[in-house]
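What follows is each chain in one-letter form.
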Amino acid sequence: MSKYIPSPSKWVSDQVELYESSGGIEGTTMNGLPVIIVTNRGWKTDSIRKTPLMKVMDGKKYILVASNGGASNHPSWYKNIKKEPKVQIQDGPTIYHMKANEVTDTITKNRLWEIMEKAFPPYRDYKNNTTRDIPVFLAE
């Protein structure tokens, strides 16, 4: 069984710890908006990694946005999910086992961006503040 390695970012590891230790009752928001916990395997270490992401839905599918706050590089979890698309998503007290595929179709990605920006308006700024194409995954 793989070992869980908490994020080196204190706010990330604290959010994951609160979310999970409360059974998905606490730590479920960030800046007043809902978040989920995405669990995946590290692409180099094969260890368990956990990341709080904004909860954005397309029907029953979760939209995972590799925005990294608009930074010039992808978040570390991007390579993890590219290598192993099987993820676990905790949405409040409910846990789902899903497969996350990167959206490459421009029409679909543009449609998802509209949904994402409505759910979390800062995504618009993140997109405008970076030269990279921000990857988007659909988990189902």
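Remember, it's a predicted structure, so these values are computed and weren't measured experimentally.

Caption draft 1: Main features of the overall build of the protein. A tally of helices and strands in the protein yields 4 helices and 8 strands. For 140 residues, the compact-globule estimate of 2.2 N^0.38 gives 14 Å, and the protein sits close to it at 14 Å. Taking the principal axes of the C-alpha coordinates as reference, the protein spans close to 40 × 35 × 25 Å. Here the protein holds 140 residues, and the buried ones make up 44% of them.

Caption draft 2: A look at the side chain of D58. Its place among the elements puts D58 in strand 4 (residues 57-58). One polar contact links D58 to R111, side chain to side chain, over a distance of 2.9 Å. Residue contacts for D58: discarding those within four places in its chain leaves I63, R111, L112, I115 and L138.

Caption draft 3: Highlighting the side chain of S13. Along the chain, S13 falls in helix 1 (residues 10-21). Exposure remark for S13: the relative accessible area of 16% places this residue in the buried category.

Caption draft 4: A look at the pairing of strand 5 (residues 61-65). Counting buried residues in strand 5 gives 4 out of 5 residues, a clear majority hidden from the surface. Looking at chain direction, strand 4 and strand 5 are connected through 2 bridges and run antiparallel. If you follow D58 over to strand 5, its bridge partner there is K61. Relative to strand 8 (residues 136-139), strand 5 runs antiparallel, the two being bridged by 4 bridges. Bridged to I63 within strand 8 is L138.

Caption draft 5: Representation of the pattern of salt bridges. Enumeration according to the criterion identifies 8 salt bridges in this entry. The salt bridge involving R111 is made with D58; its shortest N-O contact spans 2.9 Å. Of the two residues, R111 sits in helix 3 (residues 106-119) while D58 sits in strand 4, which places them 53 residues apart along the sequence. R111 gets classed as partly exposed once you look at its relative accessible area, which sits at 41%. Across the pair K109 and D133 runs a salt bridge, and its minimum N-O distance is 2.9 Å. Of the two residues, K109 is situated in helix 3 and D133 in the loop between helix 4 (122-128) and strand 8; the sequence distance between them amounts to 24 residues. Residue classification places K109 among the buried residues on the basis of a relative accessible area of 8%. Its relative accessible area of 56% is what places D133 among the exposed residues.

Caption draft 6: Focus on helix 3. Spanning 14 residues, helix 3 covers 20 Å between terminal C-alpha atoms, matching the ideal 20 Å at 1.5 Å per step. All of the buried residues along helix 3 are K109, L112, W113, M116 and E117. Each buried residue of helix 3 lies within a common arc of 135° when the element is viewed along its axis, so the set occupies one face. Exposed and oriented more than 90 degrees from the buried face of helix 3 are I107, E114 and K118. The inward-facing, buried residues of helix 3 abut strand 4, strand 5, helix 4 and strand 8.

The rules we used
Residues numbered from 1 in each chain as written. Predicted model: local features only at pLDDT ≥ 70, side-chain atom pairs only at ≥ 80, totals over all residues. Heavy atoms only, no water. Helix = DSSP H or I, 4+ residues; strand = E, 2+ residues; numbered from the N terminus. Rg over C-alpha atoms; globule rule 2.2 N^0.38 Å. Buried < 20%, exposed > 50% of the residue type's maximum accessible area, 1.4 Å probe, protein only. Polar contact = N/O pair within 3.5 Å; in protein donor to acceptor, adjacent residues only side chain to side chain. Contact = heavy atoms within 4.5 Å. Pairing = 2+ DSSP bridges. Salt bridge = Lys/Arg side-chain N within 4 Å of Asp/Glu carboxyl O. Expected span 1.5 Å × (residues − 1). Arc of directions from axis to C-beta.

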